[in-house]
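Coordinate analysis (summary)
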Amino acid sequence: MGTKQTASPSGGQSAVKYQTPPRSSSPSKMKQSSPKPRNGKNKNVNALPPQKSVWIAYLCWLFGGVFGLHHLYLHRDRHAFVWWCTLGGYAGVGWLGEIFLIPEYVRDANEDPRFVKEFVAKLQAYPKPPYASRRFVGQVMVGHLFGQVVSMAIPQILVGGWDLSFLHWAIPLGVSLGVWLVGNIGREQGVWWHCLVAAYVTYPTRFLIYDETYSLLLTALVSALTFDGLSKQWRRTPPTRASAGSRTLKISAALLIYCAFWASFLYFNGTISDEEGGEVPIHEAIHNFLASAWWTDLKQALHDTYLYAQHHGWYETWKEVFESMDVDGERNSYKVLGVSATASQAEITAAYRRLSKEYHPDKVKDEALRAQAHQRFIDIQQAYSVLSKIKSSRRRKNKQYQEDSDAIVL
């Protein structure tokens, strides 16, 4: 069985089309037509794309498959976006089911002759793509998900004095986009407006079906059936290989829009529980937080830090911030032992011995106070251990402090 590739009139980079040869044709008579070079350049539009590795695809599937990393690697951007939105096909169910499909995806991306031969055989056997339960269920589920996300994102409160409940008419739009997106993955495609019309025709059933979950499911089901019956067809032209920048821009825009719907849901309709078990709307909680004294003090501290950095430099500012974190416990140790940062090692040892005797658990007769004394005794031991370990650096600091003090006196 031969495979005929013809270039479409557009002459694009991926304009090669797979056509089914006449059944009486022999492989020897098959010809591969090449388009005439444009602008005097010999550019072979039939050149194979950069080859992908099965092993790299499996590694991407294993470590980032739930976010569609392997599909991004194989230029299956729509599939990657669906996996990102559903966390690997609804909590990894679809991701796990792809373990045996990776080689076929790689052959598709590489336009492997074996894959092309099998694809042309499908074109001969079926005028349009046959029904596939996996894809159809995916269309219904993703369509239902997108419709549900749009529904949840609609504010249930007045926003600026406006009642935005009328935006529920955008729900069929989300449903049709989800159905169309899954239907256009891989070597199958279809137009969007069929799904859109079917979704809007079915959507008014929400006024007859009390449960919105079932009305959304029915809308997604009818939209998917319409796509499967009227719109679905083979993608005879290999997918266009867009540049990395163009792909990044499109995927980022899609992810930002999707996340914006979730952000709208959380801000306007989400709630959190307070200490008494009551529910507080998130937008009110954020407003109260921004008006709290803690946030005011934090803003002032950040402002003061910025002004300090403007005068002393960012390195010195970072040094001060790092020291204030007290990662080695030095400042806390001074506080526990009740000594100053310029105390000598002898003063620290004297304070340690005095406090150890005072808070030794054996000297506390009251059982109620013994546990507290024991913890205090442990803190004293740790503080002395910390300051003893860094006594060399402390000695240098104290010497520098002493020199600075003498210079000031003079």
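Above this note sits the structure.
Now for a description of the structure that goes with this document.

**Some details on the layout of surface pockets**
Summary: where empty space remains is shown by rolling a probe the size of a single water molecule over the atoms. Quantified by volume, the largest pocket comes out at close to 1200 Å³. If you trace the largest pocket, you find 41 residues lining it, with Asp77, Arg78, His79, Trp180 and Leu181 closest to the centre. For the lining of the largest pocket, the elements supplying multiple residues, two or more each, are α3 (77-91), α5 (102-110), α7 (133-153), α8 (171-183) and α11 (244-269). With eight residues, the top contributor of residues to the lining of the largest pocket is α11. Split into classes, the residues belonging to the lining of the largest pocket amount to 21 nonpolar, nine polar and eleven charged. Looking at the second largest pocket, its volume works out to about 960 Å³. Forming the boundary of the second largest pocket are 33 residues, of which His79, Leu101, Tyr105, Arg134 and Arg135 lie nearest the centre. Of all elements in the fold, only α3, α4 (93-97), α5, α6 (113-125) and α7 reach the threshold of two or more residues within the lining of the second largest pocket. Split into classes, the residues belonging to the lining of the second largest pocket amount to 18 nonpolar, six polar and nine charged.

**Brief notes about the nonpolar core**
Counting residues in each nonpolar core, the largest one holds 22 residues, and the members touching the most others are Ala57, Leu74, Phe81, Val82, Ile102, Phe146 and Tyr258. Of all the secondary-structure elements, those providing two or more residues to this core are α1 (54-64), α3, α5, α7 and α8. Discounting chain neighbours no more than four positions away, the residues touching Leu74 are Lys52, Ala57, Tyr105, Val106 and Ala109. Residues Tyr334, Val339, Leu387 and Ile390 belong to the second largest nonpolar core, which totals 13 residues.

**Remarks on a nonpolar patch on the surface**
On the surface, a cluster of nonpolar side chains totalling about 550 Å² of accessible area is made up of Trp169, Leu173, Leu177, Trp192, Tyr200 and Phe207. Taking relative accessible area as the criterion, Trp169 reaches 38% and is therefore assigned partly exposed.

**Side note on unusual backbone geometry**
Most peptide bonds are trans, and most residues other than glycine sit at a negative phi. Non-glycine residue His75 carries a positive phi angle of around 65°. By the element assignment, His75 lies in the loop between α2 (69-73) and α3. By relative accessible area, His75 is classed as partly exposed at 26%. Even without being a glycine, Leu87 presents a positive backbone phi close to 55°. Along the polypeptide, Leu87 turns up in helix α3.

**What to know about the environment of Phe119**
By the secondary structure assignment, Phe119 is in helix α6. Put simply, Phe119 and Trp234 are 115 residues apart on the chain and 9.8 Å apart in space, counted from C-alpha to C-alpha.

The rules we used
Counting restarts for each chain: residues are numbered from 1 in the order of the written sequence. The predicted origin of the model limits local features to residues at a pLDDT of at least 70 and limits the giving and counting of side-chain atom pairs to 80 or more, whereas totals for whole chains, interfaces and linings rest on all residues. Derived side-chain values reflect all non-hydrogen atoms in the structure, with water molecules and hydrogen atoms excluded from consideration. Of the grid points, spaced at 1 Å and generated over the protein atoms alone, those admitting a 1.4 Å probe that cannot get out make up cavities, while open sets with protein on both sides within 12 Å along at least five of seven lines make up pockets; any residue with an atom within 4 Å of a point is treated as lining. Grid points are joined across faces, edges and corners, and a volume is the space filled by probe spheres set on the points. Under the DSSP-based scheme used, a helix requires at least four consecutive residues in state H or I and a strand at least two consecutive residues in state E, with every element numbered from the N terminus. Basically, the charged four are Asp, Glu, Lys and Arg, the nonpolar ten are Ala, Val, Leu, Ile, Met, Phe, Trp, Tyr, Cys and Pro, and anything else, Gly included, counts as polar. To define a nonpolar core, start from buried Ala, Val, Leu, Ile, Met, Phe, Trp, Tyr and Cys residues and group those joined through side-chain atoms within 4.5 Å. Each residue's exposure class comes from its accessible area (1.4 Å probe, protein chains only) as a fraction of the maximum for that residue type: buried when under 20%, exposed when over 50%, partly exposed otherwise. In this analysis, two residues are considered to be in contact whenever any of their non-hydrogen atoms come within 4.5 Å of each other. Patches were defined on residues exceeding 30% relative accessible area and lacking a salt bridge, with like-charge contacts within 9 Å and nonpolar side-chain contacts (Val, Leu, Ile, Met, Phe, Trp, Tyr) within 5 Å. Here the open area of atoms and residues is found with the Shrake-Rupley method and a 1.4 Å probe, where only the protein chains shown may cover a residue. Should a side-chain nitrogen of Lys or Arg be within 4 Å of a carboxyl oxygen of Asp or Glu, the pair is scored as a salt bridge.

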